[in-house]
Amino acid sequence: MKPRERVVKALEHKEPDRIPVDMGSPVTSIHVKAYVRLKKYLGINEKNPRIIDNMQQIVEVDEPVLERFSVDIRHIHLKPAKKWQLLPDGSYIDEWGIKYKTSKGSFYYDMCEHPLANATLEDLDKYTWPDPDDPRRVEGLKKKAEELYYNTDYAIALNGFSECLFGLPSWLRGHAQFYMDLLVNRKFAEALLDRLLEYEIKLARNALREVGKYIQVVRVADDLGTEKGPIISPSLYREIIKPRQKKLYQFIKEHSGAKLLLHSCGSVYDLIPDFIEIGVDALNPIQVSARNMDTKKLKQEFGDKITFWGGGCDTQKILPFGTIDEIKEEVKRRIKDLAPGGGFIFAAVHNIQYDVSPEKICTLYDTALKFGKYPISI
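Residues numbered from 1 in each chain as written. Predicted model: local features only at pLDDT ≥ 70, side-chain atom pairs only at ≥ 80, totals over all residues. Heavy atoms only, no water.

## Some words on the nonpolar core
Within the largest apolar cluster, 108 residues are counted, with the highest numbers of intra-cluster contacts made by Leu158, Phe161, Val218 and Phe275. A total of 13 residues in this core trace back to one element, the largest contributor, which is helix H8 (residues 186-211). Other than its neighbours up to four places away in sequence, Leu158 contacts Ile76, Leu78, Leu141, Ala207, Leu208, Val211, Ile215, Val217, Val218 and Arg219. (Core = buried A, V, L, I, M, F, W, Y, C linked by side-chain atoms within 4.5 Å. Buried < 20%, exposed > 50% of the residue type's maximum accessible area, 1.4 Å probe, protein only. Helix = DSSP H or I, 4+ residues; strand = E, 2+ residues; numbered from the N terminus. Contact = heavy atoms within 4.5 Å.)

## Regarding the packing of H8 against helix H9 (residues 234-254)
Viewed as axis vectors pointing N to C, H8 and H9 meet at an angle of 15°, and their least axial separation amounts to 9 Å. Here H8 lies roughly parallel to H9, going by the angle between them. As for how H8 packs across H9, the hand of that crossing is right-handed. Across the interface between the two elements, Arg186, Glu190, Leu193, Asp194, Leu197, Glu200, Ile201, Ala204, Arg205 and Leu208 of H8 pack against Leu236, Glu239, Ile240, Ile241, Arg244, Lys247, Leu248, Phe251 and Ile252 of H9. When its residues are assigned to classes, the contact of H8 with H9 shows 11 nonpolar, no polar and eight charged. (Axes fitted to C-alpha atoms, helices over the stretch in contact; angles between N-to-C directions. Parallel < 35°, antiparallel > 145°, perpendicular 65-115°, else oblique. Left-handed = near helix turned anticlockwise from the far one by under 90°. Nonpolar A, V, L, I, M, F, W, Y, C, P; charged D, E, K, R; others polar.)

## Some points on the sheet that holds strand S4 (residues 85-86)
By way of backbone hydrogen bonds, the strands of a sheet pair with one another, either parallel or antiparallel. One open sheet accounts for four strands, arranged S4-S5-S6-S7; its pairing is antiparallel. Taken across any chain shown, the strands that pair with only one partner, and hence form the sheet edges, are S4 and strand S7 (110-113). Two elements, strand S6 (residues 99-101) and S7, share three bridges in a ladder whose sense is antiparallel. What sits directly across from Lys99, in S7, is Glu113. (Pairing = 2+ DSSP bridges.)

## Observations regarding the packing of aromatic side chains
Evaluated as defined, the whole model comprises 19 aromatic pairs. Here Phe69 and Tyr365 contribute two aromatic rings whose centre-to-centre distance is 5.2 Å and whose plane-to-plane angle is 40°, an arrangement assigned as tilted. With Phe69 in the loop between helix H3 (63-68) and strand S3 (73-77) and Tyr365 in helix H14 (residues 358-371), this pair connects stretches of sequence that are 296 residues apart. For the ring pair Phe107 and Tyr354, a centre distance of 3.7 Å and an interplane angle of 15° mean the geometry is stacked. (Phe/Tyr/Trp six-rings, centres within 6.5 Å; stacked < 30°, edge-to-face > 60°.)

## Details of the environment of Glu60
If you trace the backbone, Glu60 turns up in the loop between strand S2 (58-59) and H3. Put simply, Glu60 and His350 are 290 residues apart on the chain and 15 Å apart in space, counted from C-alpha to C-alpha. Apart from the residues lying within four places of it in its own chain, the contact partners of Glu60 are Tyr35, Arg50, Ile52 and His77.

## Looking at the side chain of Arg244
Relative to the helices and strands, Arg244 resides in helix H9. When its relative accessible area of 9% is taken as the criterion, Arg244 is described as buried. Side chain to side chain, Arg244 and Glu190 meet in a polar contact 2.7 Å long. (Polar contact = N/O pair within 3.5 Å; in protein donor to acceptor, adjacent residues only side chain to side chain.)

## Notes on the pairing of strand S10 (residues 259-263)
For S10, the tally of buried residues reaches four of five residues, placing the bulk of the element in the interior. With five bridges connecting them, strand S9 (residues 217-221) and S10 associate as parallel partners. Along S10, the bridge assignment pairs Arg219 with Leu261. Running through H9, the crossover from S9 to the neighbouring parallel element S10 is right-handed. As paired elements, S10 and strand S11 (residues 282-284) share three bridges and run parallel to each other. (Right-handed = clockwise from strand over helix to strand, strands pointing away.)

Structure below.
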């Protein structure tokens, strides 16, 4: 079975010949330090890694690595209108005006300044909003999609709608301030969300005009969970965030034939029925260590309605700190829980971090390929 056919079949809740495998999106990639070690271990002498997310320090995975692990999906990415501005102290400012810094011994960048932290409703008109119509955002996108669609058999996923309607406003305001806005400054919060919804729909229109007929998946993101439950109450989510997500998701689905993949970290069990209702076809990362995110339970309750994209191995404890045998058993357990009946795309829980050895990464994917053949017989 060809990779594109395999992915589509799994998303339709049917059993392909084996579980489809993903690696390389902004939520299924590898930290640059782990990636350099992995390529050396595999004897792959490619060019220097290209960072696709400065904050997370994750890479665009090279084709020889994707082929080594029989990855079924190829990811294409919208671009920012301008590059991050590097400041003399080593910090960065992105196109939204959010400032990031790293510290000695850290492997990541953290947000340290939020451009709308002290903004009033009137300030929203003064703020310099990024231009969703800037042609640089889709430069080369159609050519890349056509090349993959006509010259390969891989499924194609579009990335570029990250933290659209919950994460991004909290980055612009600061997390605590935005959460307070939702409760006590509702007029401001809704005005900000409506501006962002307008931006995302314009961005989606431009992107899907270029590649809508070639892609099979569009990935959106909004991290809504902590390890214990939703960040805000389900009722507040349903009142303010969900209706705007629905508008964006419906627009994307109306302007492409693609399935919608939502990335939302943490314990989002309480919100999964809402995700399904507003058109989410697949959910990532399936944070198995969070409350109520047991894979067996999730599959039993929602497995016929939503595809689980991730959840293949716990990346908080098992992958970095477990033994090779423990990783094998973890992968087999998740396959047993999530694979029957289709509706499962294999990947680790979120990105593979800097301290994971090449041997463990190989074990992760090789075990999935070995035991992920249908019918599942673990």
